[in-house]
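Listed here are the chains, written in short residue letters.
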Amino acid sequence: MYLLIPLVFLGIIIFFSAFFIVKQQTAVAIERFGKFHSIRNSGLQLKIPIVDRVAGRLSLKIQQLDVIVETKTLDDVFVKLKVSVQYVVIKEKVYEAFYKLEYPHEQITSYVFDVVRAEVPKMKLDDVFVKKDDIAIAVKAELQEAMLEYGFDIIKTLVTDIDPDQQVKHAMNRINASEREKIAAQFEGDAARILIVEKAKAEAESKRLQGQGIADQRREIARGLEESVEVLNKVGINSQEASALIVVTQHYDTLQAIGEETNSNLILLPNSPQAGSDMLNNMVASFTASNQIGEAMKKQNKKKDSEDQ
């Protein structure tokens, strides 16, 4: 009676050990007496106790392996590339994935190293950044062909990081900063040149308008002088006397304007009361002599013309 209890207990254990559960997106390899027997998928499964055993489990989910490869570029710059490989076990080839490869991660890593170190040395550092997708495509093509035989499908490969040496990074940053400073200097030079040109145009326009103003001013002064001479002629003053009188009047107007300036240091010589009268007499005499000389030259020219004829 006492021996029956352990036997019953042992029988219950053996009975329940015949059942096992396979999770979703998982495959289980069953061996019978050490030899492969079958592949079991998700759900409640049955095996013969003691005779059959679970040899291993494989995930059918997409997995990712990150591989960091250090290599040298065409321009002799050492760089580290991080390549992310996304792969999955083919459901129909679980046997090959389980029995043909013992360490799939190491196998994938070896292929990644081989491809990257074959492709990157053909490129310069700048091209590595630009053509990283080409590197990823080359890695995928090589892995896809090689791993398909072992039951693995390569979903995607990505070059997720490119890390040059720290000194190279600093040099690249300096080059970039220098290039930007050069562009900024060019823009500043263009702006300064435009400012100078516009300033010169403004000054030229100002001078033109100033000259036009002076010309208009002189024209009006001449017209005013002409009208003044005509008025003086009407009261019996000849042109020479009228011109001298106008000049003397402007002389006194100038003295009055200078006197209104409290801080003026200008001294006019001579400046005696007799100076105005002398100036008027001198001007009248000068105008009279000038007219006489002009009349004599005209008579001489007429006489010469008549003799030539």
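In this text the structure is predicted, and so the values were computed from the model without any measurement. (Residues numbered from 1 in each chain as written. Predicted model: local features only at pLDDT ≥ 70, side-chain atom pairs only at ≥ 80, totals over all residues. Heavy atoms only, no water.)

Asks: Go over the overall build of the protein chain with me, naming the residues and quoting the values.
Replies: A tally of regular secondary structure across the protein chain gives 8 helices and 8 strands. Taken over 309 residues, the protein chain has a buried fraction of 22%. Taking the contacts inside the protein chain whose residues are at least 6 apart along the sequence as the reference set, 64% of them involve residues at least 24 apart. Total accessible area computed for the protein chain in this model is approximately 22200 Å², and 57% of it derives from carbon and sulfur atoms. (Helix = DSSP H or I, 4+ residues; strand = E, 2+ residues; numbered from the N terminus. Buried < 20%, exposed > 50% of the residue type's maximum accessible area, 1.4 Å probe, protein only. Contact = heavy atoms within 4.5 Å. Areas by Shrake-Rupley, 256 points an atom, 1.4 Å probe, with all protein chains shown as cover.)

Asks: Give a description of the sheet that holds strand S8 (residues 152-164) that names residues and reports values.
Replies: Spatially, S6-S7-S8 is the arrangement adopted by the 3 strands of the open sheet, whose pairing is antiparallel. Each having just a single partner strand, strand S6 (63-72) and S8 make up the two edges of the open sheet. Strand-to-strand twist across the sheet, computed as the mean angle between neighbouring axes with direction ignored, equals 20 degrees. Sheet topology places strand S7 (residues 78-89) next to S8; 11 bridges connect them, and they run antiparallel. Directly across from Ser84, in S8, lies its bridge partner Leu158. Packing against the sheet, helix H3 (residues 104-119) makes contact with S6, S7 and S8, and its axis sits at approximately 35 degrees to S6. Running over the sheet, helix H5 (residues 132-147) touches S7 and S8 and is turned about 145 degrees from S8. (Pairing = 2+ DSSP bridges. Axes fitted to C-alpha atoms, helices over the stretch in contact; angles between N-to-C directions.)

Asks: Run through the nonpolar core, naming residues and quoting values.
Replies: Here is a general trend for soluble globular proteins: nonpolar side chains tend to be buried in one another's company. Judged by nonpolar contacts, the single largest core of 34 residues is most densely connected at Leu81, Val112, Val116 and Ile135. The set of elements that each furnish at least two residues to this core consists of S6, S7, helix H2 (94-99), H3, helix H4 (125-130), H5 and S8. By residue number, the principal contributor to this core is S7, which donates 6 residues. (Core = buried A, V, L, I, M, F, W, Y, C linked by side-chain atoms within 4.5 Å.)

Asks: Talk me through the sheet that holds strand S5 (residues 52-59); I want residue IDs and the actual numbers.
Replies: With respect to topology, 3 strands assemble into an open sheet ordered S3-S2-S5, the strand pairing being antiparallel. Each having just a single partner strand, strand S3 (35-40) and S5 make up the two edges of the open sheet. Strand-to-strand twist across the sheet, computed as the mean angle between neighbouring axes with direction ignored, equals 25 degrees. Judged from the 5 bridges that link them, strand S2 (residues 26-32) and S3 form a sheet pairing that is antiparallel. Paired with Ala29 across the two strands is Ile39, which belongs to S3.

Asks: So what's going on with the pattern of salt bridges? Residues and values would help.
Replies: Enumeration according to the criterion identifies 7 salt bridges in this entry. In this structure, Arg193 engages Asp190 in a salt bridge whose closest nitrogen and oxygen atoms are separated by 3.0 Å. One end of the pair, Arg193, and the other, Asp190, are both in helix H6 (residues 166-234), 3 residues apart, so they sit about a helical turn from each other. Judged by relative accessible area, which is 32%, Asp190 ranks as partly exposed. Between Lys201 and Glu198 there is a salt bridge, and its shortest N-O distance comes to 4.0 Å. Placement of both Lys201 and Glu198 in helix H6 is noted, with a separation of 3 residues, approximately one turn of the helix. For Lys201, a relative accessible area of 52% corresponds to the exposed category. (Salt bridge = Lys/Arg side-chain N within 4 Å of Asp/Glu carboxyl O.)

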